[in-house]
Amino acid sequence: MRRRRANRYPPTLVYALADQARAAGVDLDAARGPWRAGLRRLELEAISVVTNGRTAIRVDSMERAADVAGLLNWCGLEDLRPVSDLVPPVESEPVEDWALKAAG
């Protein structure tokens, strides 16, 4: 039986939020919570991940993993609940209109 592959979206917005929090003086390294940066071994390589023990987020470096883990802990998030039918907005569609459609 083939394992169903989860949707993958680059966490670019989360990177930007972590960068903004750091620039505003938030010490993401000191944030306490369930999220941790780590490595996950895959056959011949290791990938950087952020995990709370139930959910794993693949990121592009250990530095980003530490930032994202700190941001999620600082925000007080204990778990992520993905949106099942997430569809990115069309480039010509304003973000506000897309967000309203997604919410309602």
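Here we look at the confidence of the model for the protein
On average, residues of the protein score 81 in pLDDT, and 70% of them reach the 70 mark or higher. For the protein, helix α3 (residues 95–103) is the element with the lowest average pLDDT, namely 53, and helix α2 (residues 62–74) is the one with the highest, namely 95.

Let's talk about the side chain of Ser48
Along the polypeptide, Ser48 turns up in strand β2 (residues 45–51). At 3.2 Å, the side chain of Ser48 and the backbone nitrogen of Met62 are in polar contact.

What to know about the nonpolar core
Membership of the largest hydrophobic core is limited to nine residues, which are Tyr15, Trp35, Val50, Ile57, Val59, Ala65, Val68, Ala69 and Leu72. Elements with a contribution of two residues or more to this core: β3 (56–59) and α2. Tallying contributions element by element places α2 first for this core, with four residues. Setting aside residues no more than four positions away along its own chain, Val68 makes contact with Val14, Tyr15, Val50 and Val59. Core analysis: the next-biggest nonpolar cluster, separate from the first, contains five residues, Ala21, Val26, Leu28 and Leu71 among them.

Description of the packing of helix α1 (residues 12–23) against α2
With their axes 9 Å apart at the nearest point, α1 and α2 run at an angle of 75° to one another. Taken together, the axes of α1 and α2 are roughly perpendicular relative to one another. Every residue of α2 that contacts α1 at Val14, Tyr15, Leu17, Ala18, Asp19, Ala21 and Arg22 is listed here: Arg64, Asp67, Val68 and Leu71. Counted by class, the contact of α1 with α2 contains seven nonpolar, no polar and four charged residues.

Brief notes about α1
In this model, α1 (twelve residues) spans 17 Å end to end at C-alpha, consistent with the 16 Å of a helix rising 1.5 Å per residue. If you check which residues of α1 are buried, you get Tyr15, Ala18 and Ala21. Down the axis of α1, the sector holding all buried residues measures 125°, keeping them to one side. Turned more than 90 degrees away from the buried face of α1, the exposed residues are Thr12, Leu13, Gln20 and Ala23. Those residues of α1 that are buried lie in contact with β3 and α2. Count one or two residues on from α1 and you reach Gly25, which has phi positive near 100°.

Calculation rules
Per chain, residues are indexed from 1 in the order of the written sequence. Thresholds applied to this predicted model are a pLDDT of at least 70 for local features of residues and 80 or more for the giving and counting of side-chain atom pairs; totals over whole chains, interfaces and linings are not thresholded and use all residues. Each side-chain value is worked out from all heavy atoms of the structure, with water and hydrogens disregarded. What pLDDT expresses is the predictor's confidence in each residue, scored from 0 to 100. To qualify as a helix, a DSSP run of H or I must reach at least 4 residues; to qualify as a strand, a run of E must reach at least 2; elements of each kind are numbered from the N terminus. What qualifies as a polar contact is a pair of N or O atoms within 3.5 Å, subject to a donor-acceptor requirement within protein and to the restriction that residues adjacent in sequence count only when both atoms come from side chains. Grouping buried Ala, Val, Leu, Ile, Met, Phe, Trp, Tyr and Cys residues that are joined through side-chain atoms within 4.5 Å yields what is termed a nonpolar core. Under the scheme applied here, a residue whose accessible area is under 20% of the maximum for its type counts as buried, over 50% as exposed, and between as partly exposed, the area being computed with a 1.4 Å probe on protein chains only. Residues are treated as being in contact if the distance between any of their heavy atoms lies within 4.5 Å. Angles run from 0 to 180 degrees between N-to-C directions of axes, and those axes are lines fitted to C-alpha atoms, restricted for helices to the stretch in contact. Any angle from 65 to 115 degrees is called roughly perpendicular, while one under 35 is roughly parallel, one over 145 is roughly antiparallel, and all others are oblique. As a working rule, the residues Ala, Val, Leu, Ile, Met, Phe, Trp, Tyr, Cys and Pro are called nonpolar, Asp, Glu, Lys and Arg charged, and the rest polar, with Gly in that last group. By this rule, a helix spans an expected 1.5 Å times one less than how many residues it contains. Here, the arc refers to the directions that run from the helix axis to the C-beta atoms.

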